[in-house]
Structures are given as C-alpha cells and as structure tokens.
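# Report on the structure
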Amino acid sequence: MMRKSLTFVCCLSACGGQNDDLEAADLADPNLQICINQHMGFADESRIRVESATELRNLDCVDWDIRSLDGLEHYTALETLSLWENSVSDISPIEGLKNLQWLELGSNNIADLSPLRNLDGLTRLGVSSNRISDLSPLGSLENLEWLTFDDNQIRDLEALRSLRNLSWVTADRNAITDTSTLDTIRSNGADVYADYQQ
C-alpha cells in the first residue's frame, strides 16, 4: 500500500490534471516519452512537468525505435544518455544539455555532429554506425577520453589532434587513408583501433 501511495504522489507532481497551465516537458516521440516515464517511475501516459524533468540524470533508451529527440532539451540535468539502436537523425535538441558526460548515439541515422560542439563536459562519446563524414565539431571537446566512430564515412581526422585526453579510440570501417593523427593519439598513450578501413 505504501508503494502505491508514493507512486500516486509522484505522478501528481509530474502530470497535468487540474494544473495543465503549468509547462510540461512533452516529447514529440511517444517511445522516448514512455522510456523517460518508466525511468522516472511514472505511468506510460503521464505528462512530465519541466520542474520534474530537470531531476533526471541518467537515461538509457536502447532500441526503442525513437525517431525524434524534440523535447529532450527540457532534461537539462542529464549526465548520461544512451540512445543506441534507434532511428534518430537530428540531435539538435540535446545541444544545450551542458551536464552531459557520457553520450551514446551509435546505430542511428546521424550525419551532423555540430550540435555537440559546445558540450565540453563530455568524457565519453559513441557515434559508431551512423552517416557521419565530418568530425570537426568534436575538436573543441577537450575533455573527451573515450571516442568510438566505427562504421561511418570519415576521411579527415585533423579535428582530433587537439584532444589530448583521449585514452580509447575506435575508428574501424571508415575511409581513413592518412593515419598520422591516429599515430599521434597512439603515441600519447591511447588505445587506438583503426586497422580495417573501407
């Protein structure tokens, strides 16, 4: 009985009901909404208020058939976010999530990484198996320690030269011909895996 009472109270603090005039952190994608609701302990159909959205710090929505991230900009306290194996192409809604430290975006339909250029708190980033050809937005992410971008369309690695904290890089199945940047990263002590190119 105590468990049901607590759930009821939490849901009232997050949902609309008689207080629909308060701003809701609605998401465009119903699958993403349900995944978040389940992480926060709310019913699948709940509407989460912005004030509650800012309490979520970790979100793992792997293989949820998510197509849109619109609305995720409200979840500003997120520190880890995993969206592996979805159908996301536009990641601009997360460009303001400055608390992110771990971000997993592998196996989606992403081509443009520019929304990540100001997420300088990132230490871990996974973008393998997408449609990426340009890594230049990552050049400002000086805290990156772990980076995977296997199975993309990368040729130029110049942007990675400034990332002095890298300790793990996987870059297989791209179109890299000049490996000098990877050699430099490896000489700095990082584990680098890039033997297999297209």
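All figures in this text were calculated on a predicted structure; none of them were measured in a lab. (Residues numbered from 1 in each chain as written. Predicted model: local features only at pLDDT ≥ 70, side-chain atom pairs only at ≥ 80, totals over all residues. Heavy atoms only, no water.)

## Focus on a negative patch on the surface
We count it as follows: Patch rule: a residue counts if its relative accessible area is over 30% and it has no salt bridge; like charges are joined within 9 Å, and nonpolar side chains (Val, Leu, Ile, Met, Phe, Trp, Tyr) within 5 Å. With residues, only the protein chains shown are counted as cover, and all accessible areas are computed by Shrake-Rupley using a 1.4 Å probe. Salt bridges, as used here, are contacts in which a Lys or Arg side-chain nitrogen is within 4 Å of a carboxyl oxygen on Asp or Glu. Within this scheme the basic residues Lys and Arg register as positive and the acidic residues Asp and Glu register as negative, but His and the chain ends are omitted. A single reference atom marks each charge: NZ on Lys, CZ on Arg, CG on Asp, CD on Glu. Strands are runs of DSSP state E lasting at least 2 residues, helices are runs of H or I lasting at least 4, and numbering of each runs from the N terminus. Think of it in three bands: with a 1.4 Å probe and only protein chains considered, a residue is buried below 20% of the maximum accessible area for its type, exposed above 50%, and partly exposed in between.
A contiguous patch of negative charge, built from Asp70, Glu73, Asp90, Glu95, Asp112, Asp134, Asp156 and Asp178, is present on the exposed surface. Note on placement: Asp156 falls in the loop between strand S5 (146–148) and strand S6 (168–170). Residue classification places Asp156 among the exposed residues on the basis of a relative accessible area of 52%.

## A look at the side chain of Asp150
Quick reminder of the rule: Pairs of N or O atoms within 3.5 Å make up the polar contacts considered here, provided that, within protein, one atom can donate a hydrogen while the other can accept it, and that residues adjacent in sequence are counted only when both atoms are side-chain atoms. Residues count as neighbours in contact if any of their non-hydrogen atoms are within 4.5 Å of one another.
Structurally, Asp150 can be placed in the loop between S5 and S6. Arg173 provides the closest opposite charge to the buried, unpaired Asp150, separated from it by 4.6 Å. A distance of 3.1 Å separates the side chain of Asp150 from the backbone nitrogen of Asp172, its partner in a polar contact. Contacts of Asp150, omitting those with residues within four sequence positions, involve Ser128, Ser129, Thr170, Ala171, Asp172, Arg173 and Asn174.

## Observations concerning the sheet that holds S5
Put simply, the rule reads: By the convention used here, strands pair only if DSSP detects at least 2 bridges between them. Helix axes are fitted only over the stretch in contact, all axes being lines through C-alpha atoms; the angle between N-to-C directions runs from 0 to 180 degrees.
Taken in spatial order, the 7 strands of this open sheet run S1-S2-S3-S4-S5-S6-S7, and their pairing is parallel. Both edges of this open sheet fall to strand S1 (58–60) and strand S7 (191–193), since each of them pairs with a single strand only. Adjacent strand axes in the sheet meet at a mean angle of 5°, parallel and antiparallel pairs treated alike. The pairing of S6 with S7 spans 3 bridges and is classified as parallel. The partner of Val169 across the bridge, within S7, is Val192.

## Things to note about unusual backbone geometry
The phi dihedral of Asp65 is positive, around 55°, even though this residue is not glycine. Topologically, Asp65 is positioned in the loop between S1 and strand S2 (80–82). Taking the relative accessible area as the measure of exposure, Asp65 reaches 40% and is therefore partly exposed. Non-glycine residue Arg173 carries a positive phi angle of around 55°. Its location among the elements puts Arg173 in the loop between S6 and helix H4 (180–187).

## Overview of the packing of aromatic side chains
Note the cut-off: Pairing of aromatic rings covers Phe, Tyr and Trp, the last through its six-membered ring, and needs centres within 6.5 Å; plane angles under 30 degrees mean stacked, over 60 mean edge-to-face, and all others mean tilted. Definition used: whenever NZ (Lys) or CZ (Arg) falls within 6 Å of the ring centre and also within 35 degrees of the ring normal, the charge is taken to sit over that ring.
In total, this model carries 1 aromatic pair according to the counting rule given. Seen from their ring centres, Trp168 and Tyr193 are 5.1 Å apart, and the 45° between their planes marks the pair as tilted. Residue Trp168 is located in strand S6, and its partner Tyr193 is located in strand S7; the two are separated by 25 residues in the primary sequence. Across from the ring centre of Trp102, 4.5 Å away, lies the NZ or CZ of Arg124, which sits over that ring. The ring centre of Trp146 lies 3.6 Å from the NZ or CZ of Arg124, which sits over that ring.

## Topic: the state of the cysteines
Simply put, the disulfide is a covalent bond whose two ends are the sulfur atoms of two cysteines. Heads up, the condition is: Note on disulfides: each one is a pair of cysteine sulfur atoms within 2.5 Å.
Applying the stated rule across the entire model yields 1 disulfide. Each disulfide pairs two cysteine sulfurs, and for Cys35 the partner residue is Cys61, the sulfurs being separated by 2.1 Å. Its S-S torsion of approximately -105° makes the covalent link between Cys35 and Cys61 left-handed. In this pair, Cys35 is assigned in helix H2 (residues 30–40) and Cys61 in the loop between S1 and S2, connecting sequence segments 26 residues apart. Among the residues examined, Cys61 registers a relative accessible area of 0% and is labelled buried.

## Topic: the pattern of salt bridges
Under the criterion given, the structure shown has 7 salt bridges. With a closest N to O distance of 3.5 Å, Asp120 and Lys98 form a salt bridge. Of this pair, Asp120 sits in the loop between strand S3 (102–104) and strand S4 (124–126) while Lys98 sits in the loop between S2 and S3, placing them 22 residues apart in sequence. Accessibility expressed as a relative area gives 40% for Asp120, which makes it partly exposed.

## Brief notes about the environment of Gln153
Tracing the backbone through its elements, the reader meets Gln153 in the loop between S5 and S6. For the pair Gln153 and Ser133, spaced 20 residues apart in sequence, the C-alpha to C-alpha distance is 4.6 Å. Not counting chain neighbours up to four residues away, the residues in contact with Gln153 comprise Arg131, Ile132, Ser133 and Asn174.

Geometric values such as these leave the question of function open.
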